[in-house]
Amino acid sequence: MEGEIALEARAKINLGLDVTGIREDGYHLVKMVMQSLDLHDDILIKITDEAGIKISCDKEGIPKDERNLAYKAAKLIMDEKKISAGISIDIKKRIPAAAGLAGGSSDAAAVLKGINELFDLALSQKELMELGLKIGADVPYCIMLKTALAQGIGEKLTRLKDLPKCHILLAKPGLDVKTMDVYKKLDLIKDYEHPDIDSMLEALNRGDLEGICSEMGNVLELVTESEHKEIGELKRLMKDNGALNAMMSGSGPTVFGIYSDEEKAKKTYDIIREKDFGGSLFLTYGR
Ligand code: ATP
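The numbers attached to residues start from 1 for each chain and follow its sequence in the written order. Thresholds applied to this predicted model are a pLDDT of at least 70 for local features of residues and 80 or more for the giving and counting of side-chain atom pairs; totals over whole chains, interfaces and linings are not thresholded and use all residues. Hydrogens and waters are ignored; side-chain quantities use all the structure's heavy atoms.

Asker: Residues and numbers for the site of the ligand, please.
Answerer: The near set for a molecule or strand comprises every residue that places at least one heavy atom within 4 Å of it. Around the ligand, the structure places 19 residues, and the nearest of them are Asn68, Leu69, Ala102, Gly104 and Asp107. A 3.5 Å cut-off defines polar contacts: any pair of N or O atoms within that distance qualifies, except that in protein one atom must be a possible hydrogen donor and the other a possible acceptor, and neighbouring residues in sequence count only when both atoms are side-chain atoms. In the model, a nitrogen atom of the ligand is placed 2.9 Å from a nitrogen or oxygen of the Asn68 side chain. Take Asp138: an N or O atom from its side chain is 3.1 Å from an oxygen atom of the ligand. Only the protein chains shown count as covering a residue, and every accessible area follows the Shrake-Rupley method with a 1.4 Å probe. When isolated, the ligand has an accessible area of 610 Å², and the protein chains bury 79% of it. Strands are runs of DSSP state E lasting at least two residues, helices are runs of H or I lasting at least four, and both sets are numbered from the N terminus onward. Here the element with the most residues in the shell around the ligand is helix H2 (residues 103–118); it accounts for 4 residues.

If you want it as C-alpha cells, here you go:
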C-alpha cells in the first residue's frame, strides 16, 4: 500500500475560560470560548513498508515514542479500524509545547483526520471527535476548529460565529507550566471572580470585536500569573501598546493580545523581541 497526506495542526487560544465545577472523577467542568489560529504544526503521514508507527519531529524535548499524542491518536484509530499497515508521522513543530496552545492535542486531531482520509475509513466528524476525547479533553475541539463554545470537560461543543477580523500577538515566556498543577492550585482558592462568558457570546454574535475583548477573562490566570510576573508584564506591555485586551491562554504561560490595528501589533512584536525576552513570539490571526 502506498500513499501520504499532509495536514496542518492549528494552535488554539481561549478567549474566555471559566471553571464551573469538578466532576466525580476529578475532571474540571469548564466553560470556554475557543479560537483556532493560523499558527500551526505541519504533519506528514506516510504509509510505510515497515510495520508499526514511527514518529519524527524537528524539535528537541518532544517525545518521539508512544508518549507523543500523535502516536496515541494513530494507535487508537488504527486499532479501532484494525489497520495493520505501517505508518510514519513527521511533525514540523511551530506551536510551543506546554504553552496553553493545545499543540499536542492539535497534532493528535490532525492525525485522526489524516488517517481517516488516507485509509478511506469514512468516519464522521462526530465519530472522530469521540475517538479524540479518549486522548484528551481538547482534542474534539481541535478536530472542530474555528470559534466554538466548549463545555463539560471541553467536549461539549457549540459552533459560534467567527471571531471578527483581528491581529493576534502571542508571547510564550521561556517557562513551562503543567496544566494539572494549575487546576489543582485553583481548587485551593475558594472564592474568585468568574468571567461573564454569556456576555462574550452575545458580543461574538453581534460581531463586536471591542465587546468580545472587554469580556475576556481566564480564571487560571489567578494561579499562573501570581507565580510568574512575566505574564502580568506582557499583558501590560501589549495593552500599553494598542491591544484591545491581553490575556493568558489556557493554563499558560502564553499571553495573547488582540489588535484591530496591524501596525500596533507589529510594533509590540518588535518591542518584546528587543527586550531579550527569551521566549517565542508569533504574530498570527484567527482561522
Ligand atoms: P493544552 O493547551 O492542551 O494544555 P499545552 O500547550 O499545555 O496544551 P502541549 O503542547 O500539548 O501542552 O504539550 C504538553 C506536553 O505533552 C509536552 O510537554 C510534551 O512532553 C507532551 N507531548 C506529547 N505529544 C506532543 C506533541 N505532539 N506536541 C507537543 N507536545 C507533546
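Asker: Quick one: what's the story with helix H3 (residues 125–133), residue by residue and with numbers?
Answerer: Buried within H3 are the following residues: Leu128, Met129, Leu131 and Gly132. Looking straight down H3, one finds that the buried residues subtend no more than 160° of arc, so they occupy a single side. When checking whether two residues touch, look at their non-hydrogen atoms; a contact exists if any pair is within 4.5 Å. Those residues of H3 that are buried lie in contact with helix H1 (69–80), H2, helix H4 (139–144) and strand E6 (156–159). Here the term buried applies to any residue with accessible area under 20% of the maximum for its type, exposed to any over 50%, and partly exposed to those in between, with areas from a 1.4 Å probe on protein chains only. Taken from the helix axis, the directions to the C-beta atoms give the arc we talk about.

Asker: Can you tell me about the domain arrangement of the chain, naming the residues and giving the values?
Answerer: Segment limits for the domains were obtained from an automatic or database-derived domain assignment. Along its sequence, the chain is carved into domain 1 (4–159) and domain 2 (167–284). Computed over C-alpha atoms only, the centres of domain 1 and domain 2 are separated by 23 Å. For this document, the term salt bridge refers to a Lys or Arg side-chain nitrogen within 4 Å of an Asp or Glu carboxyl oxygen. Residue Lys31 is joined to Asp198 by a salt bridge in which the shortest nitrogen-to-oxygen separation is 2.9 Å. At the level of elements, strand E1 (4–22) and strand E2 (28–48) are the ones that each hand at least two residues to the side of domain 1 that touches domain 2. When its residues are assigned to classes, the side of domain 1 that touches domain 2 shows 15 nonpolar, 5 polar and 5 charged. In this classification, the charged set is Asp, Glu, Lys and Arg, the nonpolar set is Ala, Val, Leu, Ile, Met, Phe, Trp, Tyr, Cys and Pro, and all remaining amino acids, among them Gly, are polar.

Asker: Explain the pattern of salt bridges to me, using residue names and the numbers behind them.
Answerer: This model, assessed by the stated rule, comprises 20 salt bridges. Of the charged contacts, one joins Asp38 and Arg287 as a salt bridge, the two residues approaching to 2.8 Å between their closest N and O atoms. Remark: Arg287 occurs in the segment after strand E11 (280–284) and Asp38 occurs in strand E2; sequence separation between them is 249 residues. Classification of Arg287 as partly exposed rests on a relative accessible area of 30%. One network of salt bridges, with partners in common, ties together Glu8, Arg10, Asp38 and Arg287.

Asker: Which residues make up the state of the cysteines, and what are the values?
Answerer: We call a pair of cysteine sulfur atoms a disulfide when they lie within 2.5 Å. Scanning the entire structure with this criterion turns up 0 disulfides. Counting only cysteine sulfurs, Cys142 is the nearest neighbor of Cys57, a cysteine outside any disulfide, at a range of 16 Å. Judged by its relative accessible area of 13%, Cys57 is buried. You can see Cys166 has no disulfide; the closest cysteine sulfur is in Cys213, sitting 6.7 Å from it.

Asker: Before we move on, can you summarise the sheet that holds strand E9 (residues 245–248) with the specific residues and values?
Answerer: In this description, strands pair whenever DSSP reports at least two bridges between them. Taken together, 4 strands build an open sheet; the order of strands is E9-E10-E7-E11 and the sheet is antiparallel. Two strands bound the open sheet, and with one partner strand each, they are E9 and E11. Adjacent strand axes in the sheet meet at a mean angle of 15° when their direction is disregarded. Pairing of E9 with strand E10 (residues 255–259), which is carried by 4 bridges, proceeds in the antiparallel orientation. If you follow Met248 over to E10, its bridge partner there is Val255. Every angle, taken between N-to-C directions, lies between 0 and 180 degrees, and every axis is a line fitted to C-alpha atoms, over only the stretch in contact when it is a helix. Sheet contacts for helix H9 (residues 229–240): strand E7 (167–172), E9 and E10; angle to E10, the most-contacted strand, approximately 10°.

Asker: How would you sum up the packing of H1 against H2? Please name residues and give values.
Answerer: With their axes 8 Å apart at the nearest point, H1 and H2 run at an angle of 30° to one another. With respect to the hand of their crossing, H1 and H2 are arranged in right-handed fashion. Within the contact between the two elements, H1 uses Leu69, Ala70, Ala73, Ala74, Ile77 and Met78 and H2 uses Gly104, Ser105, Asp107, Ala108, Val111, Leu112, Ile115 and Asn116. Split by residue class, the contact of H1 with H2 holds 10 nonpolar, 3 polar and 1 charged. Working rule for handedness: look at the near helix, and if it is turned counterclockwise from the far one by less than a right angle, call the crossing left-handed; if clockwise, right-handed.

Asker: I'd like to hear about the side chain of Lys93, residue by residue, with values.
Answerer: By the element assignment, Lys93 lies in the loop between strand E4 (86–92) and H2. According to the relative accessible area criterion, Lys93 is buried, its value standing at 11%. In this structure the side chain of Lys93 is engaged in a polar contact, spanning 2.5 Å, whose partner is the side chain of Asp41. Among all residues touching Lys93, those that are not within four sequence positions of it are Asp41, Cys57, Asp58, Lys59, Ile62, Gly103, Gly104 and Asp107.

Asker: Requested: an account of the pairing of E4, with residues and values cited.
Answerer: Strand direction decides the pairing type here: E2 and E4, joined by 7 bridges, are antiparallel. Each residue of the ladder has a partner; that of Thr48, found in E4, is Gly86. A clockwise course of the path from the first strand over the helix to the second, judged with the strands pointing away from the viewer, identifies a crossover as right-handed. Viewed along the sheet, the connection from strand E3 (residues 53–57) through H1 into E4 turns out left-handed.

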